[in-house]
Structures are given as structure tokens and as C-alpha cells.
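# What the coordinates show
Residues per chain, in single letters:
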Amino acid sequence: MMLFFSFHAHATNSHKTAKKPPVVTHSVAKTATKRKRTSQKSASNAHSHSARQSHTGEEAYEIPEGSNPFAQNNSQSLQISDGMHPKMTVVQSTKITTAKRQVIAKLMKQLGKPYRYGGSSPLTGFDCSGLVKYAYNDQLKTTLPRTADNMFSMSQEQALKVKKEELHSGDLVFFRTNRSRTHAGHVGVYLGDGEFIQAPRTGEEIQISRLDDNYWQEHYIGARRVLLPSAVR
């Protein structure tokens, strides 16, 4: 008797450096008490950020809560007190939490504004590193470097290296734009629940994307935490 064996072949896609990142747009509906954004790419990617009025009259955005999809066993919570700073005092924790909320609120206000190469102003638009530098400018004792690669190359005293499974909202996420695994050509800010905000490229607007999209997974090279006890004002 003859035996027949069937084989299943899996095709692999070769890396293309000219491949453009996915475009994910979000519509933003705003009321007096809530701001909700919904992904037009997939309803399953929808993620809401509630807002409240602070004593200064500005909206203070809640940091996304829930399980980190990149955590091992999906068990780590997106909280700043998860053991990442075991010696942090209550005062330091409060300062970092406040800084994080203000950074995210500042970033959310830029959604929909145009990408502008070399841009660093909410009036004219931002490039990726210009957006990040602008968001953190008022929260850190020292200013961030101007380029994504210089941010990625900051010392341990300036920025803590963070594993993907330990990402917290407010961390900087970096991507390569060429074949180099040591050079960062793009940067965004992690929001939580697998999402990050970025100024992607010329012709696009500031938007929220997902780290688990194929393009960003392929080009992801690391993360840095700059909201450290010694760094926050």
C-alpha cells in the first residue's frame, strides 16, 4: 500500500524597506464631559479616553486602564506602581502620575493636525520627534533631544530602557525606518492597551495607531521611559 503525505507550505514575505506604515484615522467626538475616539479601521480597535474638567478649566484625560496586551500571560496592569520604581515615594508617584496625565492630554489635543517635516508647533504641525518634545517640554527638568535617534540613545540616567511587556502609558516607543536595528527613525508615545500616538509621515495627520499592526511590529526596536522620579519637575 502506498502512503501519501501532504505538506502545507507557508509563504513568507520578504522585508520591503519602501513599505509604508498603515494609516489609521480616528474620529473624535467631544462633549462637555467626555471625549471619545473611534477607529474607522476596525471597531474592535476602539478605545475610549474619558475626560474631566480640572480646577484650571482644562480637560484632564484619564490614563487608559486595563491589561497590557504585551505583558507575559497578559497579567500586568497599566499602573505606575507596578514595581517599576520600587523606591518611589508617594510624592514622587503623584508627581509622575500628574505629569503623565498632562503629557497625554497635550498629545490628544494634537490629533488630526498635519504632519510637518521639522515641525514643532501646534500652530503649524509636527514631525514625530517634534510632537514628543513638545508634549514633554513642561514636565521634565531637562529638554528631550530633537531627533528620534537621539532620544533612543539617551543615557540610563535620562531614560530607562523598557521591555515591550513592561510598557506603561507615557513611555516612548521607537521604530526603525531602514534595515538598521540600532538606529531609530521614528518615535511615538504609548497610550496603553496596545495603542500609541504619533505623527507618521508627510501627507498624514497626527493619529493613534496600534503596536500589534504588522508594520509597527516589524519595525519596532524598543522603548524608553523618561517620566522618572529624578527627571520630573
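As the structure is a prediction and not an experimental result, all values here were calculated from the model.

### Comments concerning the pairing of strand 10 (residues 195-198)
- Judged by which residues are buried, strand 10 turns out to be covered on both faces: Glu-195 and Ile-197 on one side and Phe-196 and Gln-198 on the other are all buried.
- Note that strand 9 (residues 186-192) and strand 10 share three bridges and pair antiparallel. Of the residues in strand 10, the one forming a bridge with Gly-192 is Glu-195.
- Here strand 9 folds back onto strand 10, and the loop between the two strands holds two residues, one of which, Asp-193, carries a positive phi near 55°.

### A short note on the nonpolar core
- Ranked by internal contacts, the top residues of the largest apolar core, which has 38 residues, are Tyr-136 and Leu-172.
- In terms of residue count, helix 1 (residues 90-108) provides more of this core than any other element does, six residues in total.
- The residues contacting Leu-172, other than those within four sequence positions of it, are Val-132, Tyr-136, Met-151, Val-187, Gly-188, Val-189, Gly-222, Ala-223, Arg-224 and Val-226.
- Core analysis: the next-biggest nonpolar cluster, separate from the first, contains eleven residues, Phe-175, Tyr-190, Tyr-215 and Trp-216 among them.

### Examining the pairing of strand 9
- In terms of burial, strand 9 is largely enclosed, as seven of its seven residues are buried.
- Here strand 8 (residues 172-175) pairs with strand 9 via four bridges, running antiparallel. Bridge pairing links Leu-172 to Val-189 in strand 9.

### Remarks on the confidence of the model for the chain
- Within the chain, residue pLDDT values average 75, and 63% of them lie at 70 or more.
- Here residues 1-18 is a poorly scored stretch, pLDDT under 50, and it has four contacts once near neighbours within four places are set aside; other chains count.
- Below a pLDDT of 50 lies the segment residues 71-84, which in the model reaches 34 contacts outside its immediate sequence neighbourhood of four places, other chains included.

### What to know about the sheet that holds strand 10
- Reading across from one edge, 7-12-8-9-10-11 is the order of the six strands in this open sheet, with antiparallel pairing throughout. Single-partner strands in this sheet number two, and they are strand 7 (160-162) and strand 11 (207-210). Here the strands of the sheet are splayed against their neighbours by 40° on average, with no regard to which way each runs.
- Pairing analysis gives four bridges linking strand 10 to strand 11, with the strands arranged antiparallel. Note on strand 11: the bridge partner recorded for Phe-196 is Ser-209.
- Sheet strands in contact with helix 2 (residues 128-136) are strand 8, strand 9 and strand 10, and its direction is about 50° off that of strand 9.

### Quick notes on helix 2
- Counting buried residues along helix 2, seven of its nine residues qualify, which places the element largely inside the surrounding structure.
- Within helix 2, burial applies to Cys-128, Ser-129, Gly-130, Leu-131, Val-132, Ala-135 and Tyr-136.

### Thoughts on helix 1
- In a regular helix each residue adds 1.5 Å, so 19 residues correspond to 27 Å; helix 1 covers 27 Å between its end C-alpha atoms and thus fits that length.
- Those residues of helix 1 lying buried are Ser-93, Ile-96, Ala-99, Lys-100, Val-103, Ile-104, Ala-105, Lys-106, Leu-107 and Met-108.

### A short note on the packing of aromatic side chains
- One pass over the full model with this rule turns up seven aromatic pairs.
- Taking 5.1 Å as the distance between ring centres and 55° as the angle between the ring planes, the aromatic pair formed by Phe-152 and Phe-174 counts as tilted. Highlighted residues: Phe-152 in helix 3 (residues 148-152) and Phe-174 in strand 8, separated in sequence by 22 residues.
- Taking the ring centre of Tyr-134 as reference, the NZ or CZ of Lys-106 above it sits at 4.3 Å.

About the thresholds
- Residues numbered from 1 in each chain as written.
- Predicted model: local features only at pLDDT ≥ 70, side-chain atom pairs only at ≥ 80, totals over all residues.
- Heavy atoms only, no water.
- Buried < 20%, exposed > 50% of the residue type's maximum accessible area, 1.4 Å probe, protein only.
- Helix = DSSP H or I, 4+ residues; strand = E, 2+ residues; numbered from the N terminus.
- Pairing = 2+ DSSP bridges.
- Core = buried A, V, L, I, M, F, W, Y, C linked by side-chain atoms within 4.5 Å.
- Contact = heavy atoms within 4.5 Å.
- pLDDT = per-residue confidence, 0-100.
- Axes fitted to C-alpha atoms, helices over the stretch in contact; angles between N-to-C directions.
- Expected span 1.5 Å × (residues − 1).
- Phe/Tyr/Trp six-rings, centres within 6.5 Å; stacked < 30°, edge-to-face > 60°.
- Lys NZ or Arg CZ within 6 Å of the ring centre and 35° of its normal.

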